[in-house]
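Residue-level listing of the chains:
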Amino acid sequence: MLISAATDAYQNSDRTAANRIVRRVALWGIVVSVALLALTVVIAAVSHSFALTAVAVDCIVDVVAALVLWLGLRLSERKTAAFPYGLYKIENVLQVAIAVLIFIASYEIARQAFATGRQAPSIGGLIIAGVVVTIVATWAYGWYAMRWGKRVSSPALMADGKHRQTDVLSTSLALVAVVSTAAGFDIDRVGAFVILGFAVYSGWGLLVSGMKVLLDASVDAKTLAQIERILASEALIEQVDALAVRSSGRYVFLEATLRLRTDNLAKAHVAGERLEEQIRSTLPAVERVSLRLEPSHRDVLHVAVPLASAEGEISSEFGEAPVFGLAEVRTADGQALRQEIVENPHRGVEKQKGILVAEWLVGQGIDVLITVRAVNKGPSYVLREAGVEMRLARTARLADELALFAHDGHTDGS
Ligand SMILES: [Zn+2]
């Protein structure tokens, strides 16, 4: 218990450290993007180059995207039951607004590029140096975001890093355009069109992801099915009371209320950690997992007892027992609500019989297993993981053992 508590503390501090790193990188993203926007606006205005104006448009996108990234991380830190649904949508409103802005700006630049009597671009050494600085800074930040994104496995940072690689490409095209224009071969307008193509493409991405969230689209059916499958595979979960999965641009937020088969807090905590890890490794787009674990107050216990025969005498074997008595016992008064004798389906198996039987019993949804001797290590591990309570038999017969529940219930109540 102490060891597991220490491990949890370590993991939690690890995660907080990772969040801090992601926020720091995102903050640098804002600083770099704002600086590059200022630089490109200046060199575009001075040079009258349409290619550079197009680069400046993309820089506006980057500033907003960096803000959205940072804002999203700030908001997603609050992982309480009272999730601020409303606030998250600010970033999606921003996404749609910026997409519209890109379309208008692109149209305007394209229109002016084709207007007659426009001013010819004048490219000097300083302008070219400015473009080179833009490329280097964009590449450096993209590498930085990608490196840390991989290290702390943040899908948002990796996406940002990847986008900057595209920016390096489009700004390099601008460099080719200005250099060749300076050399007397004016391909400024062609360059501008290609770069605007990039900008419109990323604007389209923003528009689609923003609108999806604003129109309250859930994640796709496949992702949802995967999450449900993971939750269903966890033996400790008795019931999924609520499951909300929302995609917010490149983030997926998952919020679930789970009723557990145990009232043991340490066990519930471990199950929660295990689920979160499994969800994250299966779906890397999941940025935050928020699980509410409700221990169950059980009105009915599902009890299993290995029997020597259908007559009801308790077997001293577990894996070897020919039949099992399965009963539902009301905890309030010990009344057996249902009872059946089921054949052990794994009796004939050669190897790992105990584990197979334990897994079968877990599949039957049992809460309590009563045996004559303590169950072997392997099967008892399976049972414990699933939150099954193991008790030693105090009588020789199933009926007497079930009758003890009435007695236990009575003494508990008085
Ligand atoms: Zn960009």
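In the block above lies the structure referred to throughout.
Residues numbered from 1 in each chain as written. Predicted model: local features only at pLDDT ≥ 70, side-chain atom pairs only at ≥ 80, totals over all residues. Heavy atoms only, no water.

### Examining the nonpolar core
One broad rule of soluble globular proteins: the nonpolar side chains tend to lie buried together. Membership of the largest hydrophobic core comes to 50 residues, with the highest contact counts inside it found for V25, L52 and W148. Elements with a contribution of two residues or more to this core: α1 (2-47), α2 (50-76), α3 (85-114), α4 (125-151), α5 (155-182) and α6 (188-214). Sequence-distant contacts of L52, defined by excluding residues within four places in its chain, comprise I43, A44, S47, I127, V131, A174 and V178. L326, W360, L361 and V362 belong to the second-largest nonpolar core, a separate cluster that totals 17 residues. (Core = buried A, V, L, I, M, F, W, Y, C linked by side-chain atoms within 4.5 Å. Buried < 20%, exposed > 50% of the residue type's maximum accessible area, 1.4 Å probe, protein only. Helix = DSSP H or I, 4+ residues; strand = E, 2+ residues; numbered from the N terminus. Contact = heavy atoms within 4.5 Å.)

### Focus: empty space enclosed by the protein
Empty space among the atoms can be located by rolling a probe the size of a water molecule over them. In this structure the tally under the stated criterion is two cavities of 30 Å³ or more. In this structure, the largest cavity spans a volume of roughly 70 Å³. Lining the largest cavity are S33, L36, V55, D58, C59, D62, T134, T138, R164, D167 and T171. At four residues, α2 tops the list of elements feeding residues into the lining of the largest cavity. Looking at the lining of the largest cavity residue by residue, the class counts come to three nonpolar, four polar and four charged. (1 Å grid on protein atoms, 1.4 Å probe; cavity = no way out; pocket = protein on both sides within 12 Å on 5 of 7 lines; lining within 4 Å. Points joined across faces, edges and corners; volume = space filled by probe spheres on them. Nonpolar A, V, L, I, M, F, W, Y, C, P; charged D, E, K, R; others polar.)

### Digging into the pairing of strand β5 (residues 323-330)
The buried count for β5 comes to seven of eight residues, which makes it a mostly enclosed element. Strand direction decides the pairing type here: strand β4 (residues 300-307) and β5, joined by eight bridges, are antiparallel. What sits directly across from V300, in β5, is R330. Summarising the sheet, β5 and strand β6 (residues 336-343) pair through seven bridges and their orientation is antiparallel. Across the sheet, the residue bridging to V323 is E343, located in β6. Hairpin geometry of β5 and β6 is characterised by an intervening segment of five residues between the two adjacent antiparallel strands and by a positive phi of about 75° at G334. (Pairing = 2+ DSSP bridges.)

### What to know about the coordination of the zinc ion
Taken together, D58 (OD), D62 (OD), D62 (OD), H163 (NE2), D167 (OD) and D167 (OD) make up the full set of protein donors to the zinc ion, lying 2.0 to 2.7 Å away. We note that the donor set of the zinc ion lies within a single chain, spaced as D-x3-D-x100-H-x3-D. Separated by 109 residues along the polypeptide, D58 in helix α2 and D167 in helix α5 bring together distant segments of the chain. With respect to burial, D58 and D167 carry one shared label: buried. (Donors = N, O, S within 2.8 Å, 3.2 Å for Na, K, Ca; no water.)

### Some remarks on the pattern of salt bridges
Counting across every chain of the model gives 10 salt bridges. The shortest N-O distance in the salt bridge between R259 and D241 comes to 2.9 Å. Residue R259 is located in strand β2 (residues 251-260), and its partner D241 is located in strand β1 (residues 237-248); the two are separated by 18 residues in the primary sequence. Looking at R259, the relative accessible area reads 28%, which means it is partly exposed. For the salt bridge of R373 with E317, the shortest nitrogen-to-oxygen distance reads 3.9 Å. A residue pair is termed long-range when its members are at least 10 positions apart, and R373 in the loop between β7 (368-371) and α10 (377-385) and E317 in the loop between β4 and β5 qualify at 56 residues. The exposure class assigned to R373 is partly exposed, which follows from its relative accessible area of 48%. Through salt bridges with shared partners, one network takes in E234, R274 and E385. (Salt bridge = Lys/Arg side-chain N within 4 Å of Asp/Glu carboxyl O.)

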